[in-house]
Amino acid sequence: MISKPSRHCTVELQALPSRIGQVRRIVSAQLRYWHLDPLIDSAALGVTELLTNVHRHAEPDKQCRVEIALFTDRLTVSVRDSDPRVPSLRGADLAATCGRGLALVASFSESWGVRPHDDGGKAVWFTLHAPAAAVPASAAGPPTPGTSFAPYPLCTPAPAAAHGVPAGPAPMTAEWPDRNGPRSAVAW
């Protein structure tokens, strides 16, 4: 059985060190909005590790997509890039300063894996258990009457051309429904 997420957020970016911190803040804000505060630290750490892998290893470019999806009892975080090489767990020397990222993700996540894509790229993902107390009833189905939240708050990239940026890293925007009015957008 394939289930659809009750909530979903996507951010496209180049995995540059300056952007990784921004994505951590976007993921944290989105999880706060979804009332999933207990998952913020793990999700932010996991997305940092996966984006760092893209920054260090992905070729030919560092362009990637971060997706977070809330299902009934779990949160799935994935990072998709265009590099077909599949990462693997490896033992790191005790004196090594890197090489433990996937082992760290495996240690705190419910599950993790790699999914190849038809375009030659891959998505590396992990899941976290979403405690029932943290998932509001509206996350499992349509919002109740009188709820001012949008059912699917979005984090979306802004097209570079729309901002007059000719080349380089694409600017990012994040949108959160404002509880008292129209959507608010923040650009980086």
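Position labels on residues start from 1 in each chain and follow its written sequence. Only residues with pLDDT of at least 70 are given local features in this predicted model, and only at 80 or more are side-chain atom pairs given and counted; all residues enter the totals for whole chains, interfaces and linings. Based on all heavy atoms of the structure, the side-chain values leave hydrogens and waters out of the count.

Asks: Is there a simple way to explain the sheet that holds strand β3 (residues 74-81) in this structure?
Replies: Where strands meet in a sheet, backbone hydrogen bonds hold them as pairs that are either parallel or antiparallel. Strands are treated as partners if at least two bridges between them are detected by DSSP. Runs of E in the DSSP output that reach at least two residues are strands. Runs of H or I that reach at least four are helices, and both are numbered from the N terminus. Here five strands make up an open sheet; going across it, the order is β1-β2-β3-β5-β4 and the pairing antiparallel. Of all strands in the sheet, those bounded by a partner on one side alone are β1 (7-14) and β4 (111-116). Each strand of the sheet is rotated relative to its neighbour by a mean of 15°, with strand direction disregarded. Across eight bridges, the pairing between β1 and strand β2 (residues 63-70) is antiparallel. Looking across to β2, one finds that T10 is bridged to E67. Fitting a line to C-alpha atoms yields each axis, with helices limited to the stretch in contact; the angle taken between N-to-C directions then spans 0 to 180 degrees.

Asks: What's the story with the packing of aromatic side chains in this structure? I'm lost.
Replies: Geometrically, a pair of aromatic rings is defined through the distance of the ring centres and the angle of the planes. Side-chain rings of Phe, Tyr and Trp, where Trp is taken by its six-membered ring, are said to pair if the distance between their centres is within 6.5 Å; with planes under 30 degrees apart they count as stacked, over 60 as edge-to-face, and otherwise as tilted. According to the stated counting rule, one finds one aromatic pair in the structure shown. Note on F108 and F126: the rings are 5.9 Å apart at their centroids and 85° apart in plane angle, and the pair reads as edge-to-face. Taken as a pair, F108 in helix α3 (residues 101-108) and F126 in strand β5 (residues 122-129) lie far apart in primary sequence, 18 residues in all. For F126, a relative accessible area of 0% gives the class buried. The criterion for a charge sitting over a ring is simple: Lys NZ or Arg CZ within 6 Å of the ring centre, and within 35 degrees of the ring normal. One cation-aromatic arrangement involves R74 over F71; the distance from NZ or CZ to the ring centre is 4.4 Å. Buried means the residue's accessible area, taken with a 1.4 Å probe over protein chains only, is under 20% of the maximum for its type, while exposed means over 50%, and partly exposed covers the values in between.

Asks: How should I be thinking about the packing of helix α2 (residues 40-57) against α3 in this particular structure?
Replies: Helix-helix packing is described using two parameters, namely the angle between the two axes and the distance between the axes. Where α2 contacts α3, the axes come no closer than 9 Å and their chain directions differ by 155°. Accordingly, the angle class assigned to the pair α2 and α3 is roughly antiparallel. The chirality of how α2 crosses α3 is left-handed. Two secondary-structure elements touch here, α2 through S42, L45, G46, E49, L50 and N53 and α3 through G101, L102, L104, V105 and F108. Its residues assigned to classes, the contact of α2 with α3 shows six nonpolar, four polar and one charged. For this classification, under 35 degrees means roughly parallel, over 145 means roughly antiparallel, 65 to 115 means roughly perpendicular, and everything else is oblique. By convention the crossing between two helices is left-handed if the near helix lies anticlockwise of the far one by an angle smaller than a right angle, and right-handed if it lies clockwise. Should any heavy atoms of two residues lie within 4.5 Å, those residues are considered in contact. All amino acids are sorted into three groups, where Ala, Val, Leu, Ile, Met, Phe, Trp, Tyr, Cys and Pro are nonpolar, Asp, Glu, Lys and Arg are charged, and the leftover types, Gly among them, are polar.

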